[in-house]
Amino acid sequence: MARKSALKTLLAGSLLCAALWPIAAGAEGDDAEGKAPVFSGVWVRTGEPMFEAISGVGKPVARLLVDSKDAEEIMAGDWANPVLLPWVRDVVKKNAESEVHLVHVYQADDSCWPVTVPAILNMREAVQFLPEKDRITILYQRDHQFRRIWLNQEHSKNLVPSWYGESVGHFEGDTLVVDTIGVKTHAMAFVDPFGTPHTNALHVVERYRMIEDKRGKGLEVQIRVEDPGAFAMPWGGKIVYRRNRVQNIDEVICEENNRTFDGKSFGPLPEEKNPQF
């Protein structure tokens, strides 16, 4: 209970800071002085949990159509995609064959691991953007993950790889452009819901902008992914966030301890082997 109260206090403070920061004015995040837009409010991912193809670059791995009564539960990727280098194609194929045989391939979000860039864009839970003078912090309801987008600066010279890498951003008119490198490689670090791996050369560019379509207002994110160690060519895709009906971030805990799942297998759960204090 104390932890939950502390979390609510922290989020309330963050929301207050966001409300007071000048560029957050305006219903859609644009202030009267024409400063850079801030995507205020709480958003949620819509559509299928995978990237939609865009023109001008290679296509993301698509979901394999499976003739099975369990098709909705089978997250198998089409390994024939030409963007995949042979070793990556083998991984995607192995994962797909396991899924088709109803042996689930656990993803990071299944097993309480951090969800890396760009796969984190496919999390279908609440997302919130908190603006500050030198950064934008993105809060993800799923397991209370967060990213910091450092504004108007260069990447670090001696970058240490991390789960979300280092993201630096700038505004081009009404579009937030985010450049991410330094995403660590790991057995649970994938770029999509099909277990597609990457190397330490992964480079992701995200472009966030407000749109209005037949469904109303939305926040579109287009990505461009490059990794010469894993992909034969750059590929890209997009997703759309819509304003969440509930405008708050709830407490979502994936794993409080290694007994949470009553002995059932949910993939290789993270476990701290050595106490940090």
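Residues numbered from 1 in each chain as written. Predicted model: local features only at pLDDT ≥ 70, side-chain atom pairs only at ≥ 80, totals over all residues. Heavy atoms only, no water.

**Points about the overall build of the protein chain**
Cut-off, in case you're wondering: Put simply, DSSP H or I for four residues or longer makes a helix, DSSP E for two residues or longer makes a strand, and each gets a number counted from the N terminus. Only protein chains enter the calculation, and the probe is 1.4 Å; a residue is then buried if its accessible area is under 20% of its type maximum, exposed if over 50%, and partly exposed in between. Working rule for contacts: check all heavy atoms of both residues, and any pair within 4.5 Å makes them a contact. We get accessible surface area from the Shrake-Rupley algorithm with a probe of 1.4 Å; when it comes to residues, only the shown protein chains can shield them.
When you go through the protein chain residue by residue, the secondary structure sums to two helices and nine strands. When the helices and strands of the protein chain are placed in sequence order, the string is α-β-α-β-β-β-β-β-β-β-β. Here the protein chain holds 277 residues, and 45% of them are scored as buried. At a minimum sequence separation of 6, the contacts of the protein chain that also span at least 24 residues come to 57%. For the protein chain, the accessible surface area stands at approximately 15,100 Å², while carbon and sulfur atoms represent 54% of it.

**Quick word on the pairing of strand β9 (residues 235–243)**
How we decide: By this definition, two strands are paired if DSSP reports at least two bridges between them.
Most of β9 sits inside the fold, with seven of its nine residues counted as buried. Note: strand β1 (residues 42–45) against β9, three bridges, orientation antiparallel. Bridged to Val44 within β9 is Arg242. In terms of strand pairing, strand β8 (residues 216–226) meets β9 through seven bridges, oriented antiparallel. Its bridge partner lying in β9, Val225 is registered against Trp235.

**What to know about unusual backbone geometry**
A cis amide bond, omega 5°, links Val117 with the succeeding residue Pro118. Note that Pro118 resides in the loop between α2 (86–100) and β2 (126–131). You will see that Cys112, though not glycine, has its phi angle at about 75°, which is positive. Topologically, Cys112 is positioned in the loop between α2 and β2. Despite not being glycine, Asp143 shows a phi value in the positive range, around 60°. One can find Asp143 in the loop between β3 (135–140) and β4 (145–151).

**Regarding the nonpolar core**
A general trend in soluble globular proteins is that nonpolar side chains are found buried together. Applied cut-off: Here, nonpolar core refers to any group of buried Ala, Val, Leu, Ile, Met, Phe, Trp, Tyr and Cys residues whose side-chain atoms link them within 4.5 Å.
Counting residues in hydrophobic clusters, the biggest one holds 46 residues, and the most contacted among them are Leu121, Phe129, Tyr208, Phe231, Trp235 and Tyr241. Elements represented by at least two residues in this core include exactly α2, β2, β3, β4, β6 (175–181), β7 (203–213), β8 and β9. Ranked by residues supplied to this core, first place goes to β8 with four residues. Ignoring anything within four residues of it in the chain, the contact list for Phe231 reads Val83, Leu84, Leu85, Val88, Val191, Thr196, Pro197 and Val225.

**Observations concerning the pairing of β7**
In terms of strand pairing, β6 meets β7 through five bridges, oriented antiparallel. Looking at the pairing, Val178 lines up with Glu206 of β7. One ladder, built from 11 bridges, connects β7 with β8; its direction is antiparallel. Within β8, the position partnered with Ile211 by the bridge is Gly218. Taking the residues between adjacent antiparallel strands as the criterion, β7 and β8 are bridged by two residues.

**Here we look at α2**
Selection criterion: The span one expects for a helix is its residue count, reduced by one, times 1.5 Å. The arc in question is the one spanned by the directions pointing from the helix axis to the C-beta atoms.
Along its 15 residues, α2 runs 21 Å from first to last C-alpha, staying within 8% of the 21 Å computed at 1.5 Å per residue. Buried within α2 are the following residues: Val88, Val92, Asn95, Ala96 and Glu99. Within α2, the buried residues cover an arc of 100° as seen down the axis, which keeps them to one side. The exposed residues of α2 that point more than 90 degrees off its buried face are Pro86, Asp90 and Lys94. Residue Leu102 follows α2 closely and has a positive phi angle near 60°.

**Describing the environment of Asn122**
Rules: Distance and chemistry together define a polar contact, namely a pair of N or O atoms within 3.5 Å, with one atom able to donate a hydrogen and the other to accept it when in protein, and with adjacent residues in sequence counting only for side-chain atoms on both sides.
By secondary structure assignment, the location of Asn122 is in the loop between α2 and β2. With 70 residues separating them in the primary sequence, Asn122 and Asp192 have C-alpha atoms 7.8 Å apart. When neighbours within four sequence positions are excluded, Asn122 is seen to be in contact with Arg45, Pro49, Met50, Phe51, Pro193 and Ile239. A polar contact is formed between the side chain of Asn122 and the side chain of Arg45, at a distance of 2.7 Å.

**Notes on the environment of Glu271**
Note that Glu271 resides in the segment after β9. In sequence terms Glu271 and Cys112 are 159 residues apart; their C-alpha atoms lie 9.9 Å from each other.

**As for the packing of aromatic side chains**
Two numbers describe a pair of aromatic rings. These are the distance of the centres and the angle of the planes. Filter applied, for reference: Any two of the Phe, Tyr and Trp rings considered here, Trp counted by its six-membered ring, make a pair once their centres fall within 6.5 Å; the pair's planes then place it as stacked at under 30 degrees, edge-to-face at over 60, or tilted in between.
Under the definition given, this model contains five aromatic pairs. When the ring of Phe51 is compared with that of Trp235, the centres are 6.2 Å apart and the planes differ by 55°; the resulting orientation is tilted. With a gap of 184 residues between them, Phe51 in the loop between β1 and α2 and Trp235 in strand β9 connect regions that are remote in the sequence. Both residues of the pair, Phe51 and Trp235, count as buried.

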